[in-house]
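Listed below are the residues making up each chain.
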Amino acid sequence: RRWTIASPRLVSYLGLASVCLLAALAFRRPELVVVAAPFALIVAVGLLWEGRPQVSAWLTLDRDRALEGDEITAEIELNAITTIDLLELHLPVPRGLSVVEGDNPGGLHLRTGDERTVSLRLVCDRWGSVELGELRVRARGRIGMLVWEGRINRPHRVQIYPRPELLQSLVAPLHTQLATGDL
């Protein structure tokens, strides 16, 4: 899923231009149109010049099973089809995992045809089954008038097992009973 959002810069320039133009109409002052013209021109040129950024992303994990306390390496491979001035990348980490090394969220600049790999080292905090893989991407254009946000789903399920010594200490019988063949 991808969607486009107007940046605060675009909203403020449009607001300022529209307020000046409305004031020019209300007060019948042509000087206010001259004040509004540069802001309207910046918005028009900015919207014409901004192109939709295109990037493809893949998420790979070095393994899908681990013990509590082990580290997993997650690699996000990026391929820029168009130039992106600022690409913000975020991998939401579920409960049970935490980031030890790497920038999450992080930002980078990609030129057309660039291929980059962003590595994150994750530590398994709790045992259980966790799903990892929804990449959240935000790209800003050259002028910063528009912001494109999207989610790229590359689901991976990681099974985290408890340490054997924890399992041995967890289950202690409350009352032992004789069974057939115990005597």
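Below or above, wherever it landed, is the structure these notes cover. (Residues numbered from 1 in each chain as written. Predicted model: local features only at pLDDT ≥ 70, side-chain atom pairs only at ≥ 80, totals over all residues. Heavy atoms only, no water.)

### Notes on helix α2 (residues 31-49)
Here comes step 1: Taking 1.5 Å of rise per residue, 19 residues should cover 27 Å, and α2 covers 28 Å from first to last C-alpha, within 8% of that figure.
Here comes step 2: Along its length, α2 reaches its greatest deviation from straightness, about 30°, at A37, and the proline P38 lies no more than four positions downstream.
Here comes step 3: Taken residue by residue, α2 has A36, V43 and G46 as its buried positions.
Here comes step 4: Here the buried face of α2 lies against α1 (8-27). (Helix = DSSP H or I, 4+ residues; strand = E, 2+ residues; numbered from the N terminus. Expected span 1.5 Å × (residues − 1). Bend = angle between axes of the 7 residues up to and from the residue. Buried < 20%, exposed > 50% of the residue type's maximum accessible area, 1.4 Å probe, protein only. Contact = heavy atoms within 4.5 Å.)

### Digging into the packing of α1 against α2
Here comes step 1: It is the contact of α1 with α2, at a shortest axis distance of 8 Å, that shows an interaxial angle of 145°. As α1 packs across α2, the resulting crossing turns out to be left-handed. From α1, L10, Y13, L14, L16, A17, C20, L21, A23 and A24 reach across to α2, where they touch L32, V33, V35, A36, F39, A40, I42, V43 and L47.
Here comes step 2: Grouping the amino acids of the contact of α1 with α2 by side-chain chemistry returns 18 nonpolar, no polar and no charged. (Axes fitted to C-alpha atoms, helices over the stretch in contact; angles between N-to-C directions. Left-handed = near helix turned anticlockwise from the far one by under 90°. Nonpolar A, V, L, I, M, F, W, Y, C, P; charged D, E, K, R; others polar.)

### Considerations on the sheet that holds strand β4 (residues 71-80)
Here comes step 1: Spatially, the four strands line up as an open sheet ordered β2-β4-β8-β6, and their pairing is antiparallel. Across the chains shown, the open sheet's two edge strands, defined by having one partner strand only, are β2 (55-61) and β6 (97-101). The average angle at which neighbouring strand axes cross in this sheet is 30°, direction not considered.
Here comes step 2: Relative to strand β8 (residues 115-124), β6 runs antiparallel, the two sharing four bridges. Of the residues in β8, the one forming a bridge with E101 is R121. (Pairing = 2+ DSSP bridges.)

### Let's talk about the pairing of strand β5 (residues 84-90)
Here comes step 1: Sheet topology note: the β5/strand β7 (residues 106-110) ladder contains four bridges and is antiparallel. When the bridges of β7 are listed, E88 appears paired with G107.
Here comes step 2: As judged from the five bridges shared by β5 and strand β9 (residues 128-140), these two strands associate in the antiparallel manner. Looking at the pairing, L87 lines up with A139 of β9.

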